Amino acid sequence: MKAIVLVGGMGTRLRPLTWDTPKQMLPLVGTPIIEYVLSALGQQGVTDAVLSLGYLPDRFIEAYPDNVIAGVRVSYAVESEPLGTAGAIRFAAERAKIDETFLVFNGDVLSDLDLGRLLNFHRERRAAASISLHAVEDPSRFGVVPTMPDGQVVAFVEKPAREEAPTNLINAGAYLFEPSVLSRIESGRAVSVERETFPSLAREGALFALADSGYWLDTGTPATFLEATLDVLEGRNGHRGPRPTSIENGSWRHPSAFVSADAVLEHAVVDRDCVVAAHAELHGVILMPGSVVEAGARLNGAIVGPGAVIGAGARLEATCVVGPGERVEAGALLLGS
Ligand code: GTP
């Protein structure tokens, strides 16, 4: 099966990490997020993927010059201006000349979606499009999708107040599309699949949705990026995706990193060329390549961008994000959100 993987967003919620690097190229325990995504899709039978690119497209193209990512053949559809999610799907499908049922996948989602089950459901219902749903405790940050008992979508409710949500099943960012849907997407302007295409298909009774109970996580915020990291370290990210070797005591370090024997690592990622000095403590921390933690600094739930330096004795608490190349002064106290 062919897939269009949406990776063209600006990733504003992960700024400043995404100023220079698109979200899906950020390293998750040493490997770019996109490799986890395509590895999982490959194991579900996806052979060819079109990466739908807009923001910093060269980062992908330069990183994978052989047009293969995690065993999946890839091609690139680069938008000259943001087309919105639906416009991006149409553009990529036309570029790749897709003329049969295809998968659309949000490239920042880690999941072990059962694609075969969704495809059977889609065919049985003769749906124009089918959406994979995921149950969450608090649906207020997501698009909520109430359905009839047979799965026909009743409505699309974007980010409802928690107590007003009609269901806790949310749009998981994985869709099956019939090519006939493409002609409904207006070209020449930004069109949102969630706000325009799906509500109009739902009104016609042509949109269906099926809950999937597997692993699912949207990596798009600092808190969920940290959560994804802990899940990979603990082996909780479903059964698919790359499995980093040499995780010790719940932490991973690149062979080129230096970690003092007197430092404490608990659920930490210490990437390529990082330095962790004596008596530093890292609890639930991501150090991106080339970053430095000086002596006695204590970090609790932090993401430290590439080449950043945390001064001696500094304290970082509650999901701090330190931008690429920034320096936190010695002895400083930073509280995140
Ligand atoms: P935020 O700015 O933090 O909301 O992140 P984002 O820009 O990635 O937006 P969001 O997480 O809502 O996007 C969901 C998926 O669609 C991501 O994989 C994005 O890369 C992708 N995406 C969003 N807008 C576009 C677009 O205009 N073109 C393409 N090709 N992909 C898009």
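About the criteria used
Residues numbered from 1 in each chain as written. Predicted model: local features only at pLDDT ≥ 70, side-chain atom pairs only at ≥ 80, totals over all residues. Heavy atoms only, no water. Helix = DSSP H or I, 4+ residues; strand = E, 2+ residues; numbered from the N terminus. Buried < 20%, exposed > 50% of the residue type's maximum accessible area, 1.4 Å probe, protein only. Contact = heavy atoms within 4.5 Å. Domains from an automatic or database assignment. Buried area = accessible area lost by both parts, 1.4 Å probe. Salt bridge = Lys/Arg side-chain N within 4 Å of Asp/Glu carboxyl O. Polar contact = N/O pair within 3.5 Å; in protein donor to acceptor, adjacent residues only side chain to side chain. Nonpolar A, V, L, I, M, F, W, Y, C, P; charged D, E, K, R; others polar. Pairing = 2+ DSSP bridges. Axes fitted to C-alpha atoms, helices over the stretch in contact; angles between N-to-C directions.

## Observations regarding unusual backbone geometry
Residue proline 16 is reached from arginine 15 by a cis peptide bond, and omega for that bond is 5°. Mapped onto the secondary structure, proline 16 falls in the loop between β1 (2–6) and β2 (27–28). For arginine 126, which is not glycine, the phi torsion reads 50° and is therefore positive. If you trace the backbone, arginine 126 turns up in the loop between α4 (115–125) and β9 (129–135). Judged by relative accessible area, arginine 126 falls into the exposed class, the value being 76%. Here histidine 267, not a glycine, exhibits a phi torsion of approximately 50°, which is positive.

## Some details on the environment of alanine 312
Looking at the element boundaries, alanine 312 is found in the loop between β23 (309–310) and β24 (315–322). For the pair alanine 312 and alanine 297, spaced 15 residues apart in sequence, the C-alpha to C-alpha distance is 5.3 Å. Excluding anything up to four places from it in sequence, alanine 312 contacts Glu294, Ala295, Ala330 and Gly331.

## Some remarks on the domain arrangement of the chain
Size of an interface, as often reported, equals the accessible area lost when the parts are brought together. Domain annotation of the chain identifies domain 1 (2–221) and domain 2 (245–334). With centres defined by C-alpha atoms, the gap from domain 1 to domain 2 works out at 33 Å. Facing six residues of domain 1, the contacting portion of domain 2 comprises 11 residues. Across the domain 1/domain 2 interface, buried area totals approximately 720 Å², and carbon plus sulfur atoms make up 83% of it. Applying the counting rule to domain 1 against domain 2 returns zero salt bridges. At the boundary of domain 1 with domain 2, the tally comes to zero residue pairs in polar contact (both at pLDDT 80 or more). Taken together, the residues that form the side of domain 1 that touches domain 2 break down as five nonpolar, one polar and no charged.

## A short note on the side chain of aspartate 212
Here aspartate 212 lies in the loop between β13 (207–211) and β14 (216–218). At 3.0 Å, the side chain of aspartate 212 and the backbone nitrogen of aspartate 114 are in polar contact. In this view, aspartate 212 contacts Asp112, Leu113, Asp114, Arg117, Ser132, Leu133 and His134; residues no more than four positions away in its chain are not counted.

## Let's talk about the sheet that holds strand β18 (residues 264–270)
Spatial strand order, β15-β16-β18-β20-β22-β24-β26: seven strands in an open sheet with mixed pairing. Of all strands in the sheet, those with a lone pairing partner are β15 (247–248) and β26 (333–335), marking the two edges. Pairing of β18 with strand β20 (residues 281–287) involves six bridges; the strand directions are parallel. Of the residues in β20, the one forming a bridge with glutamate 266 is histidine 283. Sitting on the sheet, helix α6 (residues 222–234) touches β15, β16 (251–253), β18, β20, β22 (298–304) and β24, and the angle it makes with β18 is about 105°.

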